[in-house]
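# Secondary and tertiary structure notes
Read off the chains here:
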Amino acid sequence: MKIAVLKEQVIGERRVAATPETVKKLAGLGASLAVEAGAGEGAAIADAAYAEAGATLGDRAQVLSGAEILLGVQGPDPASLAGAAPGAWLVAILNPFGERARVDAYAAAGIEALAMEFMPRITRAQSMDVLSSQANLAGYKAVLDGAAEYGRAFPMMMTAAGTVSAARVFVMGVGVAGLQAIATARRLGAQVSATDVRAATKEQILSLGAKPIFVEAVKGIEGEGAGGYATEMSDEYKAAQAELVSAHIAKQDIVITTALIPGRPAPRLVSDAQIASMRPGSVIVDLAVEQGGNVEGSVPGEVVERHGVRIVGHRNVPSRLAADASALYARNLFNFLAAFWDKDAKRPLLDAEIGDAIRLTKDGQVVNPRLLG
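Scope of this entry: the structure provided in the associated data block. What you see is a predicted model, and the numbers here were worked out from it, not measured in a lab.

What counts, and where the lines are drawn
- Residues numbered from 1 in each chain as written.
- Predicted model: local features only at pLDDT ≥ 70, side-chain atom pairs only at ≥ 80, totals over all residues.
- Heavy atoms only, no water.
- Core = buried A, V, L, I, M, F, W, Y, C linked by side-chain atoms within 4.5 Å.
- Buried < 20%, exposed > 50% of the residue type's maximum accessible area, 1.4 Å probe, protein only.
- Helix = DSSP H or I, 4+ residues; strand = E, 2+ residues; numbered from the N terminus.
- Contact = heavy atoms within 4.5 Å.
- Pairing = 2+ DSSP bridges.
- Axes fitted to C-alpha atoms, helices over the stretch in contact; angles between N-to-C directions.
- Expected span 1.5 Å × (residues − 1).
- Arc of directions from axis to C-beta.
- Parallel < 35°, antiparallel > 145°, perpendicular 65-115°, else oblique.
- Left-handed = near helix turned anticlockwise from the far one by under 90°.
- Nonpolar A, V, L, I, M, F, W, Y, C, P; charged D, E, K, R; others polar.
- Salt bridge = Lys/Arg side-chain N within 4 Å of Asp/Glu carboxyl O.
- Right-handed = clockwise from strand over helix to strand, strands pointing away.
- Polar contact = N/O pair within 3.5 Å; in protein donor to acceptor, adjacent residues only side chain to side chain.

### Focus on the nonpolar core
In terms of nonpolar packing, the biggest core is built from 63 residues, with Ile3, Leu70, Leu71, Val91 and Phe336 touching the most fellow members. For this core, the element with the highest residue contribution is helix 10 (residues 322-339), accounting for 6 residues. The residues touching Ile3, leaving out its near neighbours within four places in the chain, are Leu26, Ala31, Ser32, Leu33, Ala34, Ile69, Leu71 and Leu337. Residues Val171, Ala185, Ala210 and Val285 belong to the second largest nonpolar core, which totals 22 residues.

### A short note on the sheet that holds strand 9 (residues 168-172)
The strand order 11-10-9-12-13-15-14 describes an open sheet built from 7 strands, whose pairing is mixed. Every other strand in the sheet has two partners, leaving strand 11 (211-212) and strand 14 (302-306) as the edge strands with one partner each. Across the face of the sheet, helix 8 (residues 235-249) comes into contact with strand 9, strand 10 (191-195) and strand 12 (254-257) while running at roughly 160 degrees to strand 9.

### Quick notes on helix 8
Counted at 1.5 Å a residue, the expected span for helix 8 with its 15 residues is 21 Å, and the 20 Å between its end C-alpha atoms agrees. Buried residues of helix 8: Tyr237, Gln241, Val245, His248 and Ile249, and no others. Considered in projection along helix 8, the buried side chains sweep an arc of 80 degrees and stay on one side of the axis. For helix 8, the exposed residues lying more than 90 degrees away from the buried face are Asp235, Glu236, Glu243 and Ala247. For helix 8, the elements touching its buried residues are strand 9, strand 10, strand 12 and helix 9 (272-277).

### Things to note about the packing of helix 5 (residues 130-149) against helix 10
Where helix 5 meets helix 10, the axes come as close as 9 Å, and the angle between the chain directions of the two elements is 165 degrees. With respect to their mutual orientation, helix 5 and helix 10 come out roughly antiparallel. Every pair of crossing elements has a handedness; the one defined by helix 5 and helix 10 is right-handed. Judged by residue contacts, Val130, Ser133, Gln134 and Leu137 of helix 5 engage Asp324, Ala325, Leu328, Tyr329 and Asn332 from helix 10. The residue makeup of the contact of helix 5 with helix 10, split by class, is 5 nonpolar, 3 polar and 1 charged.

### Re the pattern of salt bridges
Following the criterion strictly, the structure yields 19 salt bridges and no others. Its salt-bridge partner being Glu149, residue Arg310 comes within 2.7 Å of it at the nearest N-O pair. Within this pair, whereas Arg310 is found in strand 15 (residues 309-313), its partner Glu149 is found in helix 5, the two being separated by 161 residues in sequence. Relative accessible area serves as the criterion here: at 29%, Arg310 is assigned to the partly exposed category. Note that Arg198 is salt-bridged to Asp196, the shortest N-O span being 2.9 Å. Each member of the pair, Arg198 together with Asp196, is buried. In this structure, a network of salt bridges that share partners links the residues Glu21, Lys25 and Arg331.

### Observations regarding the pairing of strand 6 (residues 112-115)
Burial of the side chains of strand 6 extends over both faces: Glu112 and Leu114 are buried on one face and Ala113 and Ala115 on the other. Read as a crossover between parallel neighbours, the route from strand 5 (residues 89-93) over helix 4 (residues 100-108) to strand 6 is right-handed.

### Remarks on the side chain of Glu13
Residue placement: Glu13 occurs in the loop between strand 1 (2-5) and helix 1 (20-29). With relative accessibility at 8%, the residue Glu13 sits in the buried group. A polar contact of 3.4 Å, which involves the side chain of Glu13, links it to the side chain of Ser319. Filtering out sequence-adjacent residues up to four positions away, Glu13 remains in contact with Glu8, Val73, Gln74, Asn316 and Ser319.

### Details of the packing of helix 5 against helix 6 (residues 176-187)
Put simply, helix 5 and helix 6 touch, their axes get as near as 7 Å, and they point 35 degrees apart. Where helix 5 crosses over helix 6, the two elements pack in a sense that is right-handed. Seen from helix 5, the contacting residues are Ser132, Ala135, Asn136, Gly139, Tyr140 and Val143; seen from helix 6, they are Val176, Ala177, Gln180, Ala181, Thr184 and Ala185. Of the residues assigned to the contact of helix 5 with helix 6, the class counts are 7 nonpolar, 5 polar and no charged.

### A short note on the pairing of strand 14
As judged from the 5 bridges shared by strand 14 and strand 15, these two strands associate in the antiparallel manner. Opposite Arg306, over in strand 15, you have Val309 as the bridge partner.

### Here we look at the environment of Leu321
By secondary structure assignment, the location of Leu321 is in the loop between strand 15 and helix 10. Judged by its relative accessible area of 18%, Leu321 is buried. Distance in space between the C-alpha atoms of Leu321 and Phe170 is 23 Å, their sequence separation being 151 residues.

### Considering the sheet that holds strand 1
Spatially, 6 strands are ordered 3-2-1-4-5-6 in an open sheet, and the strand pairing comes out parallel. In this open sheet, the two strands that pair with only one neighbour each are strand 3 (56-58) and strand 6. Going from strand to strand, the sheet's axes swing by 25 degrees on average, the running direction of each strand aside. Sheet analysis places strand 4 (residues 69-74) next to strand 5, joined by 4 bridges and oriented parallel. Residue pairing in the sheet places Ile69 in a bridge with Trp89 of strand 5.

### Thoughts on the side chain of Asn316
You can see Asn316 is positioned in the loop between strand 15 and helix 10. Of the residues examined, Asn316 reaches a relative accessible area of 13% and is grouped as buried.

Below, the structure is given as structure tokens:
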């Protein structure tokens, strides 16, 4: 079984799908590893480190030749995968809803595409959940990015010259990224509040020492939405939430928005009028900017200013912590392959529960129900 580790093609993508640690572990299962030269440069991993771990190095054609499993971070150009074994697996974050034409091209090329972001959120798949591992780092980095743009200190400071008040941070959306943002802002000494449409998150917010801001008159989601995500809310709830948020957001120094709905544009959480109500020098970090944005006026890849408020819209936030993001992502991929590795067949054999959930293409066809419905 030859496993190829691909160098990322997307501009600005610094992560890599395998580290020397996971190369050794995969080799221990009986696989041979081929790493495209320079694949780890963005994550500060030298080619020599892969060679020491037992991998062979080469250009893309050499690495792909006869490979039965292709590991990547973001989905590669289908045309760049020529030379892989017929029916080879492509294991990566493939953005199936946003890149449907590319999925069709994988099918036409005979690639069996496995979308790691479709991994079901079940107990036995937690160690394979790439969205959670990457969102955790994104929530942490969002606070640091907000602090970098904010022209004041985070913690309360009592000095002989007077007292500096603690920054007020408001986190909107309490998934993995939001929870890490709360924890990080608290560690930096901020006064933190948070909101979510899922009533079950109130206890999580309180457990981290933050103040929950919830609509009480209108019911939200009593538990988790499908797969642990929030779902679209009623117009009545949206109106009540907008009124509550408007009163709260005007008093905040830093707002971090993290709300996403799989397969749909990000919900709009902060309007231009709400931005205008914030005091000059405040900061908003929009982690959903690449899916349409939670914040009106946020721009992917830019830091813009509206009404004296800086709106941060960095792309691919986990890649801004490439070394740690790569380490976690690579372990997710190893855990996935190792969980299904058959010692006799010397290859992974997927079961129906996880295989059917993540498989996009097979035998020249698009087969995933979420893309066919």
